[in-house]
Amino acid sequence: MKRIEKFVDSMYLNVEGDQQEINELKAEMTNHLLEAVHELKAEGKTEQQAITVAIKRFGEEKEIRNVIGQLFEIQKIFAKRVLYIAILCLIVTMSSFYFLWKVEESTAEGIADTSSLISYELKDNDVITRDMKRKIEALVEDTNYVSEVTIYKSKNIISRAGENYVYYNWKSVQPDFQYQRTVWAPKWLGADFYTSGDGNEQWFVSVDKRSFSRLEVVVLFMGMGIYWTLFTVWAIINAYHQKRLRIGWIFMFVFFNILGYLIYYLTGKQGLFLRGRDEFYEDYI
């Protein structure tokens, strides 16, 4: 039956993929051909005639080789695309999160600077003059994230909770000055407004600012969730093609992701080394 073996080998001559899987497919094809040969011989054909007919039934050699090659190529392309999309999703997620984090950091620094400049304008003044109001309004307009500035006299809003502890209660007090404006804050991007306040013995300044901190959280968790899922799918597909897929490895991929796959990969390398060593000793002995 060497003719059948040569035919099967020719089918997989230039096929790339997991060698163990290729060997199993070759063995399966060989068994089908041998069964067909035995059936044909039982019908009265000689062995060579039976082999010729069995091979012919499997189709032309070129056509079979193309089908097998395409099958492996489709599997490889699909797995690669899943991995590439996972990596791209990770890069986009981390880049977007870093950008938003820098925006929030810049906003916090800007709020601190604006509050300091407003406090400087108010310093040593008991009354907010028209000129001071214009300067404060100009400071607010120089930013693109401050929507409101409200100023109170500290003595009007300070409440004592103890001898050494005071807090500012400005919600129910009429402000000495207030300036509002509309800033770009689309709700569909998760924009929200937060209030921060700073005061001294004379004045208390409350600032409402736009924030994308909610969007930060959404981008991070959604992006990482998509990446985590795609990488896990790729790892499971890869382990399946290598005939090493076990429930334990699935749990490793799901819960530990790339770390779990690294353990899987190193374990496989160690297994190959041990098998190679045992085969060497067997041949040597």
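In the block above lies the structure referred to throughout.
None of the values given here were measured: they were computed from a predicted structure.

A. View of the pairing of strand 1 (residues 146-153). Of all the eight residues making up strand 1, seven are buried; the element is thus mostly covered by neighbouring parts of the structure. Of the strand pairs in this sheet, strand 1 and strand 4 (residues 177-180) are connected by four bridges, and their pairing is antiparallel. Note on strand 4: the bridge partner recorded for Glu148 is Gln180.

B. Focus on the pattern of salt bridges. Taken as a whole, this structure holds seven salt bridges when the rule is applied. With its nearest N and O atoms 3.0 Å apart, the salt bridge here joins Asp9 to Lys26. Here the residue Asp9 occupies a position in helix 1 (residues 2-11), and Lys26 occupies one in helix 2 (residues 19-42), the gap between them amounting to 17 residues. Among the salt bridges present, the one from Glu47 reaches Lys41, with a minimum N-O distance of 3.5 Å. Counted as one network, the salt bridges with shared partners bring together Asp131, Arg134 and Lys135.

C. Expanded view of a nonpolar patch on the surface. A contiguous nonpolar surface patch, about 1,100 Å² in accessible area, is contributed by Ile247, Phe251, Val254, Phe255, Phe256, Ile258, Leu259, Leu262, Ile263, Tyr265 and Leu266. Among the secondary structure elements, Val254 is positioned in helix 8 (residues 247-284).

D. Molecular detail of the environment of Thr143. Along the chain, the position of Thr143 falls in the loop between helix 5 (130-141) and strand 1. Residue class for Thr143 comes out buried when judged on its relative accessible area of 10%. Spatially, the C-alpha atoms of Thr143 and Ile111 are 8.8 Å apart, while their sequence positions differ by 32 residues. Dropping the residues within four chain positions of it, Thr143 is found in contact with Thr114 and Arg181. Within the structure, Thr143 has its side chain in polar contact with the backbone nitrogen of Val146 (distance 3.4 Å).

E. Focus on the sheet that holds strand 4. Taken together, four strands build an open sheet; the order of strands is 4-1-6-5 and the sheet is antiparallel. With one partner strand each, in any of the chains shown, strand 4 and strand 5 (192-199) form the two edges of the open sheet. Strand after strand, the sheet turns through a mean of 15 degrees between neighbouring axes, direction not considered. Two strands pair when backbone bridges link them, and strand 1 and strand 6 (residues 203-211) are joined in this way by seven bridges, in the antiparallel orientation. Looking across to strand 6, one finds that Val149 is bridged to Val207. Helix-sheet contacts for helix 5 involve strand 1 and strand 4, and the interaxial angle to strand 4 is about 35 degrees.

F. Structural view of the packing of aromatic side chains. Considering all chains together, one arrives at 12 aromatic pairs under this definition. Taking the centre distance of 6.2 Å and the plane angle of 50 degrees together, the rings of Trp184 and Phe212 count as tilted. Residue Trp184 is located in the loop between strand 4 and strand 5, and its partner Phe212 is located in the loop between strand 6 and helix 7 (213-241); the two are separated by 28 residues in the primary sequence. Ring plane angle 50 degrees and centroid distance 4.8 Å describe the contact between Trp234 and Tyr261, whose orientation is recorded as tilted. In this pair, Trp234 is assigned in helix 7 and Tyr261 in helix 8, connecting sequence segments 27 residues apart. Comparing Trp234 with Tyr261 shows no difference in burial state: the two are buried. One Lys or Arg, Arg244, reaches over the ring of Tyr264 and ends 3.9 Å from the middle of that ring.

Cut-offs used in this document
- Residues numbered from 1 in each chain as written.
- Predicted model: local features only at pLDDT ≥ 70, side-chain atom pairs only at ≥ 80, totals over all residues.
- Heavy atoms only, no water.
- Buried < 20%, exposed > 50% of the residue type's maximum accessible area, 1.4 Å probe, protein only.
- Helix = DSSP H or I, 4+ residues; strand = E, 2+ residues; numbered from the N terminus.
- Pairing = 2+ DSSP bridges.
- Salt bridge = Lys/Arg side-chain N within 4 Å of Asp/Glu carboxyl O.
- Patch = residues over 30% accessible without salt bridge, like charges linked within 9 Å, V, L, I, M, F, W, Y side chains within 5 Å.
- Areas by Shrake-Rupley, 256 points an atom, 1.4 Å probe, with all protein chains shown as cover.
- Contact = heavy atoms within 4.5 Å.
- Polar contact = N/O pair within 3.5 Å; in protein donor to acceptor, adjacent residues only side chain to side chain.
- Axes fitted to C-alpha atoms, helices over the stretch in contact; angles between N-to-C directions.
- Phe/Tyr/Trp six-rings, centres within 6.5 Å; stacked < 30°, edge-to-face > 60°.
- Lys NZ or Arg CZ within 6 Å of the ring centre and 35° of its normal.

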